[in-house]
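# Coordinate inspection notes
Chain by chain, the residues run as shown.
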Amino acid sequence: MTYTSTRGDTTPLTSAETIVRGLALDGGLYVPSAIPTPDKLPSSAYDYNEHALWVMSHYFTDYTPEELSGCINAAYGAENFDTPAVAPLVQTPSVAFLELFHGRTLAFKDMALSLLPHLMTTALKKTGNKNTQVILTATSGDTGVSALEGFKDVPGTKIIIFYPQDGVSVIQKQHMITQTGKNVSVIGVRGNFDDAQSEVKKIFLDKEVNAKINTDGYEFSSANSINTGRLVPQIVYYFYAYSQMIKGGMTRGDAVDFVVPTGNFGNILAGYYAKKMGLPISTLVCASNENRVLSDYFDTGVFDSDRPFYVTDSPSMDILVPSNFERLVHDLADKAALQNLTEKKKFTMPVPSDFVGYYATEKEMREAIKTMFTKHGYLIDPHTAVAYAAYVKKSTDSTKKDIILSTASPYKFPKTVMTSISDKYEKYDDFALLEKMSELTKRNIPTQFADLQSKEILHPTTVDVSGMKDAVLNSVYS
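Here the structure is a predicted model, which is why all the values come from computation and not from measurement.

Interhelical geometry of helix α10 (residues 228-247) versus helix α11 (residues 266-276) gives an angle of 65° and a closest axis separation of 8 Å. The way α10 lies across α11 gives a crossing that is right-handed. Counted together, Leu231, Gln234, Ile235, Tyr237, Tyr238 and Phe239 of α10 and Gly266, Asn267, Ile268, Leu269, Ala270, Gly271, Tyr273 and Ala274 of α11 form the full contact between these two elements. In terms of residue class, the contact of α10 with α11 is made up of ten nonpolar, four polar and no charged.

Take the pairing of strand β8 (residues 218-221) next. Looking down a regular strand, the side chains alternate between one sheet face and the other. Both faces of β8 are covered, namely the face carrying Tyr218 and Phe220 and the face carrying Glu219 and Ser221. Relative to β8, strand β5 (residues 132-138) is paired through four bridges, and the arrangement is parallel. Bridge pairing in β8 links isoleucine 135 to serine 221.

The next point concerns the sheet that holds strand β13 (residues 355-359). Spatially, six strands are ordered β3-β4-β14-β9-β10-β13 in an open sheet, and the strand pairing comes out mixed. Since the sheet does not close on itself, it has two edges, and those belong to β3 (89-91) and β13, each with one partner. Sheet twist, expressed as the average angle between the axes of neighbouring strands with direction ignored, equals 25°. One ladder, built from four bridges, connects strand β9 (residues 256-261) with strand β14 (residues 401-406); its direction is parallel. Its bridge partner being in β14, phenylalanine 258 is matched across the sheet by isoleucine 403. On the sheet, helix α16 (residues 382-393) packs against β4 (96-99), β9, β10 (281-288), β13 and β14 and is oriented at approximately 160° with respect to β14.

Within helix α14 (residues 335-343), the full set of buried residues consists of Ala337, Leu338 and Leu341. The buried residues of α14 occupy an angular sector of 100° when the element is viewed end-on, so they sit on one face. Across from the buried face of α14, at angles greater than 90 degrees, the exposed residues are Lys335 and Glu343.

Parameters and conventions
- Residues numbered from 1 in each chain as written.
- Predicted model: local features only at pLDDT ≥ 70, side-chain atom pairs only at ≥ 80, totals over all residues.
- Heavy atoms only, no water.
- Axes fitted to C-alpha atoms, helices over the stretch in contact; angles between N-to-C directions.
- Helix = DSSP H or I, 4+ residues; strand = E, 2+ residues; numbered from the N terminus.
- Left-handed = near helix turned anticlockwise from the far one by under 90°.
- Contact = heavy atoms within 4.5 Å.
- Nonpolar A, V, L, I, M, F, W, Y, C, P; charged D, E, K, R; others polar.
- Buried < 20%, exposed > 50% of the residue type's maximum accessible area, 1.4 Å probe, protein only.
- Pairing = 2+ DSSP bridges.
- Arc of directions from axis to C-beta.

Next comes the structure, spelled out in structure tokens:
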């Protein structure tokens, strides 16, 4: 398996080379030469690690089975997840939820970012690359927290995270600005996620900056889902969820629908790859919040990111320029659309039959949280609630099963979750509401958050978008 850029650079690279590099030199994203089509699905008897090895052995063919197993077992060991199942499938009376938030930072990003540091350090050895990797990443919330936790104090790396100063939750922000690690830098940006992500890509491709740091033994890489080492591990849990449905009584070969809360398009793109590999997925439901650029495209065939930007209570989805959408456009071989995507803010393209799109207003998201808790006793976070609202809106087919990807613990968003259940919680701040949530659910506050409020703030820096490049250089040489 080799990889080339979405934007025309046809130089074939191994997966290890793409994992180290992150973003293609022409500004594109790396895609596999062909999406593999195995003869049969993995055994439903496989545990999560076995599913991971099965999937990744089809994409990371330059890694030996022993290397992959070592990375996988280190990532998905019992010390990194609070449940033996890694990703439990919870069946409520209305729909199944695949819980992807049992890792160290209680978000689905842990599913890949627990693994990426191991893949990268192995890749550096395989390629003979001795440069210090500068993990340069913009986050809309959860990627930053998970990447910081995954890469802190990893030898041969520095990690720099930019986040929108007023565009993440209180808990997400506190988690990032108190992050320990000698190789860690966290910087707030006075702007939104799209502003930060656009500038990060410019810095990645800045020849002057690259020449300077390369001379001194540094090079850029990424922990965003633009990195193949982030994207491919996300394919795994689609296959795993399907096997759990079979264990629950579903007949092998029956089709399922996945409902995916979607921001940067990486999570749902992984489902698209899984479907192309032969997993019986009927429809991928793209669930958007009020920044509905993707759900509008799947509804109308018009992609238009020139629109108002909304700060919502599902901040990880507050994105108008989803990076991974470029991989889908490339796969559909629509050259005109790809050119317009990279050069303009609007284009039309036939909607692939694999997807449908629905969006949820802030009110509908809050109603979804309240409904799931009051009717079923199941607490969901705002992003998962957007997906549940989309599930309710889509026309249901009784012959198919639905699986909602639950992408974060409700404890990461206590203010939104608790005030959705009752307005009596309005008077409390986020940290007081962690206690109230614990009382309501009769579960202990996750240890990650137990003393979060009292931790020392280690990363108070904020910059304008224009100051990001200088901030990167300061962090590299600090």
